[in-house]
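Chains, contacts and geometry: an overview
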2 protein chains.
Amino acid sequence: MKQAIELHKDEMLKELIEFLRIPSISALTEHKGDVRTGANWVAESLKGIGMEHVEVIETDGHPIVYGDWLHAADKPTILIYGHYDVQPADPLDLWETPPFDPVIRDDKIFARGATDDKGQVFLHIKAVELLMKEHGTLPVNVKFCIEGEEEVASPNLVPFIEQNEEKLANDAVVISDTSFIEKGLPAICTSLRGALAMELQVKTANSDLHSGTYGGGVPNSIHALVQLLDSMRHENGQVAVEGFYNGVPEVTEALREEVSKVPFDEEKVKKDLELDALYGEEGFSFNERVGIRPTLEINGITGGFQGEGLKTIVPKEASAKISCRLVGEQDPNKVYDAILQHIEKHQPTGTNVSLEKFIQANPVAIDSSDEMIQTAADAYEHVYGVRPLFPKEGGSIPIVEVFGRVLNSPVVLMGFGLPSENLHAPNEHFHLENFEKGIETIADYMVRLGK
Amino acid sequence: MKQAIELHKDEMLKELIEFLRIPSISALTEHKGDVRTGANWVAESLKGIGMEHVEVIETDGHPIVYGDWLHAADKPTILIYGHYDVQPADPLDLWETPPFDPVIRDDKIFARGATDDKGQVFLHIKAVELLMKEHGTLPVNVKFCIEGEEEVASPNLVPFIEQNEEKLANDAVVISDTSFIEKGLPAICTSLRGALAMELQVKTANSDLHSGTYGGGVPNSIHALVQLLDSMRHENGQVAVEGFYNGVPEVTEALREEVSKVPFDEEKVKKDLELDALYGEEGFSFNERVGIRPTLEINGITGGFQGEGLKTIVPKEASAKISCRLVGEQDPNKVYDAILQHIEKHQPTGTNVSLEKFIQANPVAIDSSDEMIQTAADAYEHVYGVRPLFPKEGGSIPIVEVFGRVLNSPVVLMGFGLPSENLHAPNEHFHLENFEKGIETIADYMVRLGK
């Protein structure tokens, strides 16, 4: 397999570059057509490697691509899930090369989606293709389910899974959309934080007002928004919303010890991010803060005059995008209600406030002792020479919880990204070392499952 | 004079529309050429009405237009000051008709600059023209000084005044850039608040970060900005910056009584602005809050993801535009220092903060008993049938303080705007009633001064 990968590397990278060239940004309406192009690209690719029943399935949003190969009698069936949609690319001016003009430099491929998740989906397609080429058959039954709405929280995949239990039935869901601990140290993630994303809007007067004529005498929407947002967090980093921490598991000594096993070099992180100091909830370590504690972060804020120079107005409206990461038994619906109540309780005089919910996802925990997961660990160990760790990740892949719950399968989060690969940020990239070893690991995993 | 105005009204409005068509936005670099077009328009207009020594004077920024007529021997000399530059027009989508495509409807003329200040400058040009047409001469000596940087705080007019004391020497500076109390109730403003405008910027990491991977563990620039901004104001509306109120005059019963003479209809203001409630510093009335108390307002805020939908990032930078209105002996330099110290004292962990100063202006007070002002009041009374009030305005015209101090002249703030005319906001307009009566009042004032 290693030789085959070496042999076909250049043509495979050319193909990946084609895939990465498609600006399939699911969050932005103007890219609707590009997202469909992404779906068609995946479907053609699945047909090309011998998948059957390949379909581009319409939904109320962006399409889902399905394809399978089910001729390995008495062998396990894996459902490979991934997504062909990507995050928005702004701020564009911070990209060294354009986000949709993929470039290889320093043994990395740079493009939006390189690591999240097109690059990682591509590993599975190529592993299957090379196995098929080598043996004319596959060691396991394979189903692909590649969606185009992961970056907007999979609103249409959830009902699709619920309505297609039989079609999607499997012995394990395999997903490559997570990261190593660091270069050379693989990881199989066993915990994902839940998510809740919202937009808080404050409106005051029906028009921006002259700050000379009205300043000091009327409510200011930005001041009000700032007051509301600041009231949601204590200066010690704790979330100040009543009821927010309901369902958060107690941080026991055993859990602390488990979390502390994942290496963390504070000085390196500070240096890499050019930060004087880290910051977070008092009483918790960095690993705890990003892995097993919930958060409330402001992701964007806007209001009033945005141009150069100044404009002395009292602004009529302002808004902020807020997202929470949730853990344990925290229920996104209840957290939303708690935040809404907090806002109503603290609503500043003379303002109208609203809180729109964008996405929500339950937290998820996975049993690392499952055989399907331990076999994946064997494959990593074989290829990388080191057994993966089983970290608790801070991110959210909303669909993981749904796969586990609806299809009742173990979910194997065998990621090949690196934490430093700028996912969701400018200059996203993917290491070619993990491109090659990733294909090898996935193929090796399938072979092991087939034994 | 009244008949002459009636006779020439249509052609005068046509000319004003031409003037208003020029997008002379001084704050935006891309309109530099348009600002110069505005200057040339004023210069040609002054030549056309018989002004002499007309010059478009270069500065380090936008030009100043000067012209005079000095043949009224032994009569007083007035210096007419105004500005041909305008505020930015955004948000453009809130204009019912485009800001630089003037339209007359409901006896008002709608355009950016209609009331602030092109429309009002135009009144003086036309008053002089009609007097000249009627008598072949003027009752007083007149100097025009019309600048193009008022909306960015007159950085180049200040040194120009200081270097041209003789050229600009006068018995009164006459400025029409303020408002009536309400329709039919004229005002000569006798107090202007000072101003200080700044931009506060907060930076954290060198890149936006994924809120799943880093959220909760690193400083968030928007959270930090929100925390800083909220710390600057108590919930009761008081500014919380130590030293901010130094130099603010005590609010005596006599001052309270004086301020309360200006009519104020809370229900009407709330209805007009569609506000449930007004808001401001505890313990003060609306008139006090906007007239004799200082303010600190956030005029704009921006940071993180600005697009539709969501993007779960920890943003690397955020900024806010802040402006203060100052009163009494408050010194803009000292207020800036106080805010800077406050920011440094409250600087959140892991952040870099900076505070850039844009403009500053000292507060100013004018003696309403001055003869030049009382004569202006006579002219208003003659034309409008009601004697003007002498309110303390909340706005700032930075140059007023400089005129008074350097040229040692009384400054007559004889405005013809209305507070409801949306200056600095979408759908700015000017009432045609005050267009006609304004020209008449100014001409009458000149005749009275010449007696």
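Residues numbered from 1 in each chain as written. Chains lettered and ligands numbered in written order. Predicted model: local features only at pLDDT ≥ 70, side-chain atom pairs only at ≥ 80, totals over all residues. Heavy atoms only, no water.

Points about unusual backbone geometry
The criterion, for reference: In this description a helix means any DSSP run of H or I spanning at least four residues, a strand means any run of E spanning at least two, and both kinds are numbered starting from the N terminus.
For the bond from B:Asp90 to B:Pro91, the omega torsion is 0 degrees, close enough to zero to count as cis. Structurally, the position occupied by B:Pro91 is in the loop between β3 (77–83) and β4 (103–105). The peptide bond linking B:Asp116 to B:Asp117 adopts the cis configuration, its omega dihedral lying at 5 degrees. With respect to the helices and strands, B:Asp117 occurs in the loop between β5 (108–110) and α3 (118–135). Located in the positive-phi region is A:Asp107, a residue other than glycine, with phi close to 60 degrees. Mapping A:Asp107 onto the fold places it in the loop between β4 (103–105) and β5 (108–110). Located in the positive-phi region is A:Asn408, a residue other than glycine, with phi close to 55 degrees. Positionally, A:Asn408 belongs in the loop between α11 (398–407) and β17 (411–414).

Observations concerning the domain arrangement of chain A
Residues and elements named next belong to chain A. How we decide: The split into domains, and so the bounds of each, comes from an automatic or database assignment of domains. Residue contacts are counted whenever heavy atoms from the two residues lie within 4.5 Å of one another. Accessible surface is computed with a 1.4 Å probe, and the buried area is the amount of it that two parts give up when combined, taken over both parts together. Salt bridges are counted wherever a side-chain nitrogen of Lys or Arg sits within 4 Å of a carboxyl oxygen of Asp or Glu. Throughout this description, a polar contact denotes any pair of N or O atoms lying within 3.5 Å of each other; where both atoms belong to protein, one of them has to be capable of donating a hydrogen while the other can accept it, and for residues adjacent in sequence the pair is counted only when both atoms sit in side chains. Under this grouping Gly is polar, as are all residues other than the nonpolar Ala, Val, Leu, Ile, Met, Phe, Trp, Tyr, Cys and Pro and the charged Asp, Glu, Lys and Arg.
Once the domains are mapped, chain A shows domain 1 (2–192 + 364–450) and domain 2 (194–248 + 294–361). One C-alpha centre belongs to domain 1, the other to domain 2; they are set 35 Å apart. Facing the seven residues of domain 1 at the interface are five residues of domain 2. Across the domain 1/domain 2 interface, buried area totals approximately 420 Å², and carbon plus sulfur atoms make up 58% of it. Per-residue buried area on domain 1 facing domain 2 is highest for Ala153, Ser396 and Pro398; these three make up 67% of the total on that side. Run the count over domain 1 and domain 2 and you get zero salt bridges. Applying the counting rule to domain 1 against domain 2 returns zero residue pairs in polar contact (both at pLDDT 80 or more). Taken together, the residues that form the side of domain 1 that touches domain 2 break down as four nonpolar, three polar and no charged.

Notes on the packing of aromatic side chains
Worth spelling out the cut-off: Centres within 6.5 Å are what make two rings of Phe, Tyr or Trp a pair, Trp counting through its six-membered ring; a difference in plane orientation under 30 degrees is then read as stacked, over 60 as edge-to-face, and the rest as tilted. Partly exposed residues are those whose accessible area sits between 20% and 50% of the maximum for their type, while under 20% is buried and over 50% is exposed, using a 1.4 Å probe and protein chains only. Any Lys NZ or Arg CZ that is within 6 Å of a ring centre and within 35 degrees of that ring's normal is treated as a charge sitting over the ring.
According to the stated counting rule, one finds 23 aromatic pairs over all chains in the structure shown. A centroid spacing of 4.3 Å and a plane angle of 5 degrees characterise the contact between B:Phe19 and B:Trp41, whose relative ring orientation is stacked. Of this pair, B:Phe19 sits in helix α1 (residues 2–20) while B:Trp41 is found in helix α2 (residues 32–48), placing the two residues 22 residues apart along the sequence. With respect to class, B:Phe19 is no different from B:Trp41; both count as buried. Cluster of aromatic residues (ring-pair linked, three or more members): A:Phe19, A:Trp41, A:Phe122 and A:Phe435. Sitting above the plane of the B:Tyr66 ring, B:Lys167 keeps its charged end 4.7 Å from the centroid.

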